[in-house]
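Letter by letter, the chains look like this.
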Amino acid sequence: MSYLQFYKKYFFKPATSKGQAVVEFTLVFLLFLVISWIPADFGLAFFTGQLAQNASREGARLAAATNPFNAADIQTQVSKRISSALLTNTSINVTPPTCDPTLCMKVVSVGVSGDYNFFFYQLLRLLGLPAPNSLTISRTTTMRYEHAFTC
């Protein structure tokens, strides 16, 4: 056996790619996970906005039909409807029946607002990029007060 054959047999090993597939899968899977979560995160924010809108609409409907007007009861009912939303720092504003001169009738208003924490923003902050902590989602509904026809 020559020196070259001895060297090739014991020292020169061809490169193997046993762990390459695992590394590539891990990198691609993490990228795919982030890319697929971003639309889902915005969808959750949209869904949370719809829940806030429905809660304010139900609160305004209840406020418009309630006689005598009780703001605390309306806030309780709205908070029950908004509890499934992914909002933090939720605030509910109930405006008692007031005269609206443009419509020439009394109206009630119910507003719901809260902060939604995007996962995408947390990911941007993790990468060192500037991003806000949360996004404020607010919805307001105004309806005619049923028990006063004119101002």
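Residues numbered from 1 in each chain as written. Predicted model: local features only at pLDDT ≥ 70, side-chain atom pairs only at ≥ 80, totals over all residues. Heavy atoms only, no water.

**Focus: the overall build of the chain**
Helix and strand content of the chain: four helices and three strands. Helices (α) and strands (β) of the chain occur, in sequence order from the N terminus, as α-α-α-β-β-α-β. Relative to the 2.2 N^0.38 estimate, which gives 15 Å for 151 residues, the radius of gyration of the chain is 30 Å and therefore markedly larger than a compact globule would have. If you line up the chain on its principal axes, its C-alpha atoms span 110 × 25 × 20 Å. The contacts of the chain with a sequence gap of at least 6 include a subset with a gap of at least 24, amounting to 67%. When the accessible surface of the chain is split by element, carbon and sulfur atoms take 64% of a total near 10300 Å². (Helix = DSSP H or I, 4+ residues; strand = E, 2+ residues; numbered from the N terminus. Rg over C-alpha atoms; globule rule 2.2 N^0.38 Å. Contact = heavy atoms within 4.5 Å. Areas by Shrake-Rupley, 256 points an atom, 1.4 Å probe, with all protein chains shown as cover.)

**Quick word on the packing of aromatic side chains**
Within this structure, the stated rule accounts for six aromatic pairs. Between Phe42 and Phe120, the ring centres sit 6.3 Å apart and the planes meet at 50°, which makes this aromatic pair tilted. Of this pair, Phe42 sits in helix α2 (residues 20-65) while Phe120 sits in helix α4 (residues 119-126); the two residues are 78 residues apart in sequence, bridging distant segments of the chain. With centroids separated by 5.0 Å and ring planes inclined at 65°, the aromatic side chains of Phe118 and Tyr121 adopt a geometry described as edge-to-face. Ring pairs connect the aromatic residues Phe42, Tyr116, Phe118, Phe120 and Tyr121, which therefore count as one cluster. (Phe/Tyr/Trp six-rings, centres within 6.5 Å; stacked < 30°, edge-to-face > 60°.)

**Description of the pattern of salt bridges**
All told, the structure shown has three salt bridges when counted by the stated rule. A salt bridge links Arg61 to Glu58, with the nearest nitrogen and oxygen atoms 3.1 Å apart. A residue pair is termed a helical-turn pair when its members lie 3 or 4 positions apart in one helix, as Arg61 and Glu58 do in helix α2 at three residues. Looking at Arg61, the relative accessible area reads 42%, which means it is partly exposed. (Salt bridge = Lys/Arg side-chain N within 4 Å of Asp/Glu carboxyl O. Buried < 20%, exposed > 50% of the residue type's maximum accessible area, 1.4 Å probe, protein only.)

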